[in-house]
Every structure is written in C-alpha cells, then in structure tokens.
Amino acid sequence: MGRLSFFGCAVLAAAVITPSAAAQVSATRTYYGAERPMPVEIVRPAGAEGDLTVRLLSADNAELASAPTQTGAADLAAMFESLWVIDPAQPTIRYAQLFAGGTPVGPALVLQPMTTPEQAYSFQSPGQRPEVRWRSGQRVVSGVRAYSEQHVVMETTEGEIRFRMRPDAAPNTVWNFLTLADGGYYTDVIFHRVVGGGNGRPPFVIQAGDPIGQGVGGPGFFVDLERSGLPHTFGVLSMARSSDPNSAGSQVFICLSRAGTQGLDGSYTSFAEAVGGAAAILAIESVETGANDRPVSPPVIERTVLVPAPPRGTGPSVIARPEAPDTGR
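Residues numbered from 1 in each chain as written. Predicted model: local features only at pLDDT ≥ 70, side-chain atom pairs only at ≥ 80, totals over all residues. Heavy atoms only, no water.

**Notes on the packing of aromatic side chains**
Then, number 1: In total, this model carries five aromatic pairs according to the counting rule given.
Then, number 2: Through successive ring pairs, a cluster of aromatic residues spans Phe177, Tyr185, Tyr186 and Phe271.
Then, number 3: In this arrangement the basic side chain of Arg133 is found over the ring face of Phe123, its NZ or CZ atom lying 3.7 Å from the centre.
Then, number 4: We note Arg135 situated over the ring of Tyr121; from NZ or CZ to the ring centre the distance is 4.2 Å. (Phe/Tyr/Trp six-rings, centres within 6.5 Å; stacked < 30°, edge-to-face > 60°. Lys NZ or Arg CZ within 6 Å of the ring centre and 35° of its normal.)

Dropping the structure here:
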C-alpha cells in the first residue's frame, strides 16, 4: 500500500478536451468568469421535431429550470437567472440539456463551478492508523468550467470497458482523467496489478495507468484528493495514490467487489462507473499473477476514446458484478 503502485501520481492538465461533434448545446469556450455572459451554440439534431428548450438539470436529472431557445447563438446566463447562484460551500454540478418536443437530444453540457477546493491531509493519532482529514479556508466562486458530457471507452486486450463520468462526485478528477484519456496518455499501458479474490478474500482491484508499467510512473504532476461520495463497488473507477492523499495523477484502479473495496470510501477518489464491459473486467481479474500481484502476461489498455454521452436520463445502466452460477451442489 505504501508504494506509488497502489495508491499512482497527480497541477491539473491544461489541455482542452476535444469538443463533441454530436453536442447540441456547445460551449464556445471552456471557462466562463462569474457573473458574465455564457455564450453557447444551439444545434437541432437531424430528425428532431418540436419546440426547442434548454433545461438545467441536477446530477440526479431533476429539473431546476427551463427556458425556450432556438438554433444558433444563445447566452445561458441570460436564459437562467439562477445560473450564477452558487453556494461556494456546497458547489453542485448542473447540466444544460437540450430538449426537442419534450425529448432530450444529444449530450448535455456539464457546468462545473470553479470554487476554492478543500485540501486533504493525513492525520495519525498515537497508536492509530493514518486517516484523511480536510481543511478549507475562505471559499469563493470564480466561474464555471463547461464541456460536453462524454463517456470514456477503454479498449483493452480483453474487450472494451465503457465508463460514465461522475463530475458530481469528483469534478477535478474527472477533468484530469478526461484530459489524459483524450490526449492519448492511456495508449499501450498495461494492467500492472491484479488483486482478485481467493482464500476467503473478496475480489479487490485491477490497476493500470503507469506508462512504464512498474507502478511508480505518472504524468509528471499530482492532483489533490477530492471528497467523493461515490461508493467503491464493482466497476467503479478510482484514483490510485501513495500514502500522501494528494499524490494521484494517472494511475487508476477498477473495483472488483463492494466487499473488497468498501474500506476505500472517503480515502480514495472514486470518479466514474462502468456502464459496459463486465466481461472484460472479469477477464482481467482472472489472469494469472505472480509476485506483488503482477500479471504473468499483463492485459493492455490499447487506447481510450471519448464518445458523446447519451442525453441525461437515457443510456445504459451501471453494471453489476455477475453472480456466480448456481451449480446445485
């Protein structure tokens, strides 16, 4: 646990995420200063009929506000008086989703408040295990980061794994991962650590993200731990790090079971969940391993691809770990 291999390396990447060609509400830039206009472009998708509206949605897809619109240039700040009503102590992700005739169309626009973050630190009482604690000073809102919602498809030698991002749980970690994935970072990168179940131990994790494949490499920067409320369970993607809570970067692990990984909640940043690829995850879990949980013939992430997310409230569900077949014995 103490080595960078499990728990990988992380200043946030500054590259711009490739815009989604399928976006129906497109940001004209990534960053918008607080209390200023927010120009966007509205596109009606082919075959979509009916009046166009933009709805502001919460992370659980509850409607917060709605406004009529038309194709072409628009200003979200003028459409929604509540857009800049953001509590810096409890910043929440919102989504601008286009509707045509009452039906959601195209990927939503993610609206992430840019707020002063909390900072994690490690605290250890005498005779106790280290624990993560948090400190924060004055928190302010400086604006919004806006980008088209996208899924990440991880193409591996054992099949594809598709992840839905959860910026509501860990917005900066999501942005860091999207930037690396879009920039080709996860190309020909092995799963260097596989910890399945056995001997009374529940399945734990499969880990990748080090280009040199030794469990000690990273992207050349660190990203701070975020206080994620996404439970670690089968198919959840989380950041690996060392004993320093703010030492993540590019190494990630996919959880293999709730029983095995629930102890990671609150101490590691979970930020995405698989919506496809259970068979690929299980295939990687089952490979032969040697010393230090290293696969004898490591599976490989061949590349990662960003694809447009389905409209909010549609698309595939989160995968679950398949139950073992009943042999009747």
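**Points about the nonpolar core**
Then, number 1: In this structure, Ile161, Phe163, Met165, Phe177, Phe271 and Ile281 are the most contacted members of the largest nonpolar core, which totals 43 residues.
Then, number 2: With six residues, the top contributor of residues to this core is helix H2 (residues 171-182).
Then, number 3: Once you skip the residues sitting within four places of it in the chain, Ile161 turns out to touch Val152, Val153, Met154, Thr156, Ile254, Ala274, Gly276, Gly277, Ala280, Ile281 and Ile284.
Then, number 4: Counting residues in each nonpolar core, the second largest holds 26 residues, with Tyr32, Val40, Ile86 and Leu98 among its members. (Core = buried A, V, L, I, M, F, W, Y, C linked by side-chain atoms within 4.5 Å. Buried < 20%, exposed > 50% of the residue type's maximum accessible area, 1.4 Å probe, protein only. Helix = DSSP H or I, 4+ residues; strand = E, 2+ residues; numbered from the N terminus. Contact = heavy atoms within 4.5 Å.)

**With respect to the environment of Ile254**
Then, number 1: On the secondary structure map, Ile254 appears in strand E18 (residues 252-255).
Then, number 2: Along the primary structure Ile254 and Val140 are separated by 114 residues, whereas in three dimensions their C-alpha atoms are 33 Å apart.

**Quick notes on the sheet that holds strand E19 (residues 270-276)**
Then, number 1: One closed barrel holds the eight strands; their spatial order is E13-E14-E19-E17-E18-E16-E15-E20, and the pairing between them is antiparallel. For this sheet, the mean angle separating the axes of adjacent strands, direction not counted, is 35 degrees.
Then, number 2: Pairing analysis gives four bridges linking strand E16 (residues 205-208) to E18, with the strands arranged antiparallel. In the sheet register, Gln207 faces E18, and the bridge partner there is Phe253.
Then, number 3: On top of the sheet, helix H4 (residues 278-285) reaches strand E13 (150-156), strand E14 (159-165), strand E15 (189-195), E16, E18 and E19; it is set at about 115 degrees to E14, its chief contact. (Pairing = 2+ DSSP bridges. Axes fitted to C-alpha atoms, helices over the stretch in contact; angles between N-to-C directions.)

**A look at the pattern of salt bridges**
Any two side chains of opposite charge can pair if their charged atoms end up close together.
Then, number 1: Within the structure shown, the criterion is met by ten salt bridges.
Then, number 2: Among the salt bridges present, the one from Glu149 reaches Arg312, with a minimum N-O distance of 2.8 Å. Taken together, the positions of Glu149 in the loop between strand E12 (141-148) and E13 and Arg312 in the segment after strand E20 (300-308) put the pair 163 residues apart, joining distant regions of the chain. Take Glu149 and Arg312: they sit in the same class, and that class is buried. (Salt bridge = Lys/Arg side-chain N within 4 Å of Asp/Glu carboxyl O.)

**Section: the confidence of the model for the protein**
Then, number 1: Looking at the protein as a whole, its pLDDT mean stands at 92, while 91% of the residues score no less than 70.
Then, number 2: Here residues 1-16 is modelled with pLDDT under 50, and outside its nearest four sequence neighbours on either side it reaches 77 contacts, counting other chains as well. (pLDDT = per-residue confidence, 0-100.)

**Details of unusual backbone geometry**
Then, number 1: In the Ramachandran plot, Asn61 falls in the positive-phi region, its phi being about 70 degrees despite a non-glycine side chain.
Then, number 2: Among the secondary structure elements, Asn61 is positioned in the loop between strand E4 (52-57) and strand E5 (63-69).
Then, number 3: For Asp188, which is not glycine, the phi dihedral falls at a positive 55 degrees.
Then, number 4: Within the secondary structure layout, Asp188 lies in the loop between H2 and E15.
Then, number 5: Classification of Asp188 by relative accessible area gives exposed; the value is 55%.

**Thoughts on H4**
Then, number 1: For H4, the set of buried residues is Ala278, Ala280, Ile281, Ile284 and Glu285. Down the axis of H4, the smallest arc covering the buried residues is 165 degrees, so these residues share one side.
Then, number 2: Tucked inside the fold, the buried residues of H4 contact E13, E14, E15, E16, E18 and E19. (Arc of directions from axis to C-beta.)

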